[in-house]
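# Descriptive analysis of the structure
Listed below, chain by chain, are the residues.
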Amino acid sequence: MEKPLSYSAPTDSAALSVRPTPPGETATWKDFIALTKPGIIRSNVIAVFAGFWLASQWDLQFGKMIWTILGAVLVMASSCVFNNYFDRDFDMKMERTKKRALPTGRLSPRIVLWYAIILGILGLVSLFSFSGLLAGIFGIVGMFVYVVVYTLWLKRTSTWSTSVGAISGAMPPVIGYVAVTGKVDLGAWLLFALLFLWQPPHFWALGIRRVEEYRAAGYPLLPVVKGIPRTKLQMIPYLVLLLPIPVLMYVYGYTGMWFLIIGEALSLVWLYMALKGIRSQNNDTWAKKVFIFSVNYLTISLIVMILDTVRI
């Protein structure tokens, strides 16, 4: 049986330093875009739109929708830039991140910090001004959890970082939803639950694939601290709790039969893959399949939810 992987905190005394800029390398506009983590932004734009659409029930306020998506995107971008700023010490140690603009010195920490602050201010002003008080408050909650609770605290100290950090990742559809309704009702909670429960098994699959990189960088990620078998088992409760969501969406009149069928089928397939993986010996191949499926799971679920939203 595989032994749990040990974890020891990094002892690099120059943890907050950055490498000097290599000769001939200067920052470009692509570096500023990369700091916002466009892949995360793209997936969350769909989530914001899905929440807004579900609450609108096909009767869209296009102006408010555009401002809500813009505000949410700026808030998310700001949070990602803050994450890059505070994680630059870790990024220097991981193969997939060491060539980013901050670790290589193409951008200075001061510039990146101001970039994050400006994006955050613009995003929150947009949400509070055009999307309503609740949308702005949930924007602040998402930023606070991701930047302070997740990035600065738990990511460096606890295996709970993934689960608690999922709170911030569940904010985008809720922001879209409350921008329309102006209240937190069952629909908002179901959207929150869908995104919250999706994230830990999705991210742990990536963590299993890159466990040695995370260990070398000093991240106390679950597969690093508790081991891969324990991580596989811990995915199961989240996937089981995803099963009732399409049912509740249908029963309470938010979505139709198609989302019930497709959403439930996707959840059952993911759960089956996770259960099958408990006995798998090829962890890398299994984790890669689960990770790719999890990305498609969310995309397909949100698209079907949009198309199958019950009309007024």
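Please refer to the structure placed before this passage.
Residues numbered from 1 in each chain as written. Predicted model: local features only at pLDDT ≥ 70, side-chain atom pairs only at ≥ 80, totals over all residues. Heavy atoms only, no water.

### What about the overall build of the protein?
Heads up, the condition is: Numbered from the N terminus, helices here are DSSP runs of H or I no shorter than four residues, and strands are runs of E no shorter than two. Burial status follows relative accessibility: with a 1.4 Å probe on protein chains alone, a residue under 20% of its type maximum counts as buried, one over 50% as exposed, and anything between as partly exposed. Here a residue-residue contact requires only that any non-hydrogen atoms of the pair lie within 4.5 Å. Accessible surface is estimated by sampling points in the Shrake-Rupley manner with a 1.4 Å probe; for residues, cover comes only from the protein chains shown.
The helix and strand tally for the protein stands at 16 helices and zero strands. Seen through its principal axes, the protein has C-alpha atoms that stretch 60 × 50 × 30 Å. Every one of the 312 residues in the protein was classed for burial, and the buried ones make up 53%. Across the protein, contacts joining residues at least 24 apart in sequence account for 77% of those joining residues at least 6 apart. As presented, the protein carries roughly 14,500 Å² of accessible surface, and 68% of it is formed by carbon and sulfur atoms.

### A short note on the environment of Gln-234
Relative to the elements of secondary structure, Gln-234 occurs in helix 13 (residues 228-242). On the basis of relative accessible area, Gln-234 is assigned to the partly exposed category, the value being 22%. A sequence separation of 156 residues divides Gln-234 from Ser-78, and the C-alpha atoms of the two residues are 31 Å apart.

### Points about the packing of aromatic side chains
For clarity, the cut-off: Classification of ring pairs rests on two measures: the distance between centres of Phe, Tyr or Trp rings, Trp counted by its six-membered ring, which must be within 6.5 Å, and the angle between planes, read as stacked under 30 degrees, edge-to-face over 60 and tilted in between. Lysine and arginine charges are scored as sitting over a ring when NZ or CZ, respectively, is within 6 Å of the ring centre and within 35 degrees of the ring normal.
Here the structure, examined in full by the defined rule, presents 15 aromatic pairs. Summarising the aromatic geometry, the rings of Phe-192 and Phe-196 are spaced 5.6 Å apart at their centres and angled 10° between planes, so their arrangement reads as stacked. With a gap of four residues between them, Phe-192 and Phe-196 both fall in helix 10 (residues 186-209), about one helical turn apart. Phe-196 matches Phe-192 in its accessibility class, with the two residues each being buried. Centroid distance Trp-204 to Tyr-238: 5.6 Å. Interplanar angle 75°. Geometry classified as edge-to-face. Linking Trp-204 in helix 10 with Tyr-238 in helix 13, this pair joins segments that are 34 residues apart in sequence. Exposure class is identical for Trp-204 and Tyr-238. Each is buried. Through a chain of ring-to-ring contacts, the aromatic side chains of Phe-90, Phe-203, Tyr-214 and Tyr-219 assemble into a single cluster. In this arrangement the basic side chain of Arg-88 is found over the ring face of Tyr-85, its NZ or CZ atom lying 4.4 Å from the centre.

### So, the nonpolar core
We apply this condition: Within this scheme, the nonpolar core is defined by two criteria: the residues are buried Ala, Val, Leu, Ile, Met, Phe, Trp, Tyr or Cys, and they are joined through side-chain atoms within 4.5 Å.
Ranked by internal contacts, the top residues of the largest apolar core, which has 91 residues, are Tyr-177, Leu-194, Leu-242, Met-249, Trp-270, Tyr-297 and Met-305. What Trp-270 contacts, discounting residues up to four positions off in sequence, is Trp-198, Pro-201, His-202, Leu-239, Leu-242, Val-290, Phe-293, Ser-294 and Tyr-297.

### Some words on helix 10
The condition is simple: One less than the number of residues in a helix, times 1.5 Å, gives the span that helix is expected to have. A residue's bend is simply the angle between two axes: one fitted to the seven residues ending at it, one to the seven starting at it. Any N or O atom pair separated by 3.5 Å or less is treated as a polar contact, with the protein-specific requirement of one donor-capable and one acceptor-capable atom, and with residues adjacent in sequence counted only for side-chain atom pairs.
Taking 1.5 Å per residue as the helical rise, helix 10 with its 24 residues ought to reach 34 Å, and the 36 Å between its terminal C-alpha atoms agrees with that figure. Where helix 10 bends most, the angle comes to about 25°, and this point is Gln-199, followed within four residues by the proline Pro-200. One side-chain oxygen of the residue at the start of helix 10 lies 3.1 Å from the amide nitrogen of Gly-187, identifying that residue as Asp-185.

### Some details on a nonpolar patch on the surface
Using the following cut-off: Patches here are clusters of residues that have more than 30% relative accessible area and form no salt bridge, with a 9 Å joining cutoff for like charges and a 5 Å cutoff for nonpolar side chains (Val, Leu, Ile, Met, Phe, Trp, Tyr). By definition, a salt bridge exists where a carboxyl oxygen of Asp or Glu is found within 4 Å of a side-chain nitrogen of Lys or Arg.
A cluster of nonpolar side chains, contributed by Val-184, Leu-186, Trp-189, Val-247, Leu-248, Tyr-250, Val-251, Tyr-252, Met-257 and Ile-261, occupies part of the molecular surface with about 920 Å² of accessible area. Elements with a minimum of two residues in the nonpolar patch: helix 10, helix 14 (244-251) and helix 15 (257-277). In terms of residue count, the dominant contributor to the nonpolar patch is helix 14 (four residues). Mapping Tyr-252 onto the fold places it in the loop between helix 14 and helix 15.

### Details of the pattern of salt bridges
Counted by the stated rule, this structure contains eight salt bridges. As a salt-bridge pair, Glu-213 and Arg-210 come within 3.1 Å of each other at their nearest N and O atoms. Accessibility expressed as a relative area gives 21% for Glu-213, which makes it partly exposed. Judged by its relative accessible area of 28%, Arg-210 falls in the partly exposed class. Salt bridges linked by common partners bring Asp-87, Asp-89, Lys-155 and Arg-156 together as one network.

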